[in-house]
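The lines below spell out each chain.
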Amino acid sequence: MKNIAVIGTGYVGLVTGVALSEIGHSVICVDIDEQKVASMREGISPIYEPGLSELMKKNYEAGRLSFTTSHEMAFAGADAIYIAVGTPQKEDGTADLRFIESVARNIAEYLADYAVVVTKSTVPVGTNDYIKQYIEKHTDVPFDVVSNPEFLREGSAVHDTFNGDRIVIGSSTGLAASILKEINKPFGIPIFKTDIRSSEMIKYASNAFLATKISFVNEIAALCEKLGANVDDVAQGMGQDKRIGEKFLNAGIGYGGSCFPKDTSALVQIAGNVEHEFTLLKAVIEVNYKQQRLLIDKAREHFDSLRGKTIAMLGTAFKPNTDDMREAASTILARELVLAGANVVAYDPVAMEPARKLFPEAVDFVDSVESALDGADAAFLVTEWDEFKELTPAQYVSFLKEPVLFDGRNCYDLEKMKAAGIEYYSVGRPVVKVEKELV
Ligand SMILES: NC(=O)C1=CN([C@@H]2O[C@H](COP(=O)(O)OP(=O)(O)OC[C@H]3O[C@@H](n4cnc5c(N)ncnc54)[C@H](O)[C@@H]3O)[C@@H](O)[C@H]2O)C=CC1
Ligand SMILES: O=C(O)[C@H]1O[C@H](OP(=O)(O)OP(=O)(O)OC[C@H]2O[C@@H](n3ccc(=O)[nH]c3=O)[C@H](O)[C@@H]2O)[C@H](O)[C@@H](O)[C@@H]1O
């Protein structure tokens, strides 16, 4: 059992802290956000993540997990200090390292005894060297820095933490690597050990590769639409080749979220800093830009004009099972629809509060999918929540003014839509047209 401090209680920090306490360590999480800390002390998770609240409460009550706003208190007696603060995107696409810099200051100020500083945040190659140099300059207390990137997905973060494919440890000393191995042993996940810079690169390369898979299949989807093929079958047929793999080949309205968009931009910049033009990744980003606006293009083709049309927006979160709205396609779609003169009525099972802050004021929010659909001219399916996947064609027919559906996540069977008489546009699949009877 080790004493562990975790700095930052966002999606990564809180899940990491909770998971480390669940496998028996004594964990103290520190955040500068007093409201978050107060809420966690009351047993309420500040983020929506399936299974997290229960596990957090369990370990808090068992005395293995605590929360504070004091770095000094958190670092006292810590064997390892995990950094899990945000590394958002600056205007120019580079990673904003101001939270990392302030954490380095916190550590230099309050480090009392030897500890391993573990960087979980996604940071550009060379940042761990910077962290090491900064702390070394400001304290005489010994420490090591280890890169330990995180691969969890929002919406399944708890599951992913206990069932990861690998744990990457980038270290320049045997002692620090062995402490990290010992901490992670109870997870029973294979450990891949490398040097610090390669570990930092593994994180960016992994996210960039996954984003590339998505943009690739979305380009194939565009071709399928023009050539009369069905991208779902194409992806399935490709994915059965183990060298390709079936995962991350779902065509749709592109990738959003707090990581793929910012990490792909950051990697383009990281490459640029060493005079390397990352042509492939630039194209991945460009394809995604178009993809996030795809439903607007389809709706423009269907209706002569969107002015005065009421569009039911089903889902606002960037993916199901999260309340995260960072870089969600819904934000772009809501803005473009309002600009085009449409009325937007939005519903999401958990992400409506954060969506209100990002959407144009003209958007109406309602508290059920039925109210969103009721009397609308068409529906945009933006996030594939189970609640939407379970809707029957008959429900669309009975609630919408005319049954017209633009599905950005290929949730429904084409034949069933056809049988119900729904005009159905999805991504990379044939359009289901309704034969209008001539009078
Ligand atoms: N969100 C995700 O699914 C994943 C994120 N990552 C990476 O992990 C890092 C963290 O991401 P999120 O958890 O999404 O961030 P987040 O923005 O949700 O949380 C960061 C937290 O750090 C706190 N903080 C900032 N400065 C602090 C300081 N000096 N002391 C204590 N607390 C401080 C903030 O108040 C906030 O609660 C990023 O680098 C991200 O790229 C990596 C894998 C998955
Ligand atoms: O660095 C990170 O923050 C994380 O980024 C992603 O996780 P996340 O963004 O939470 O969610 P994903 O499930 O990867 O989905 C990202 C976006 O891609 C889209 N997507 C995903 C898969 C797919 O086949 N098609 C597709 O359009 C999703 O709708 C979503 O908008 C990675 O999957 C994690 O491994 C990584 O740790």
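Looking at an unreviewed UniProt entry, the chain carries the name UDP-glucose 6-dehydrogenase, with the source organism given as Alkalicoccobacillus murimartini. As recorded by UniProt, the Catalytic activity (unreviewed entry) comment attached to the chain reads in full: "UDP-alpha-D-glucose + 2 NAD(+) + H2O = UDP-alpha-D-glucuronate + 2 NADH + 3 H(+)". The annotation that UniProt attaches to the chain under Sequence similarities (unreviewed entry) is "Belongs to the UDP-glucose/GDP-mannose dehydrogenase family."

Draft legend 1. Inspection of the packing of aromatic side chains at higher detail. Tallying each qualifying case throughout the model produces 12 aromatic pairs. On the numbers, 4.8 Å between centres and 15° between planes, the contact of F406 with Y425 is stacked. Separated by 19 residues along the polypeptide, F406 in strand β13 (residues 404-407) and Y425 in strand β14 (residues 423-425) bring together distant segments of the chain. The ring of F151 carries R166 above its face, with NZ or CZ at 3.6 Å from the centroid. We note R293 situated over the ring of Y289; from NZ or CZ to the ring centre the distance is 3.6 Å.

Draft legend 2. Inspection of the UniProt feature "domain: UDP-glucose/GDP-mannose dehydrogenase C-terminal" (unreviewed entry) in the chain at higher detail. With numbering aligned to this structure, UniProt lists the feature "domain: UDP-glucose/GDP-mannose dehydrogenase C-terminal" (unreviewed entry) at residues 312-414. As a span, residues 312-414 carries 34% helix and 17% strand, and end to end its C-alpha atoms are 20 Å apart.

Draft legend 3. Layout of the nonpolar core. Within the largest apolar cluster, 65 residues are counted, with the highest numbers of intra-cluster contacts made by L314, F380, Y396 and Y412. Non-local contacts of Y396, meaning those with residues more than four positions away in its chain, are made with L314, L373, A379, L381, L391, L405, Y412 and I422. Counting 39 residues, the second-largest nonpolar core is a separate cluster that includes I7, V30, I135 and I270.

Calculation notes
Residues numbered from 1 in each chain as written. Chains lettered and ligands numbered in written order. Predicted model: local features only at pLDDT ≥ 70, side-chain atom pairs only at ≥ 80, totals over all residues. Heavy atoms only, no water. UniProt positions renumbered as here; feature names shortened; annotations may be inferred. Phe/Tyr/Trp six-rings, centres within 6.5 Å; stacked < 30°, edge-to-face > 60°. Helix = DSSP H or I, 4+ residues; strand = E, 2+ residues; numbered from the N terminus. Lys NZ or Arg CZ within 6 Å of the ring centre and 35° of its normal. Core = buried A, V, L, I, M, F, W, Y, C linked by side-chain atoms within 4.5 Å. Buried < 20%, exposed > 50% of the residue type's maximum accessible area, 1.4 Å probe, protein only. Contact = heavy atoms within 4.5 Å.

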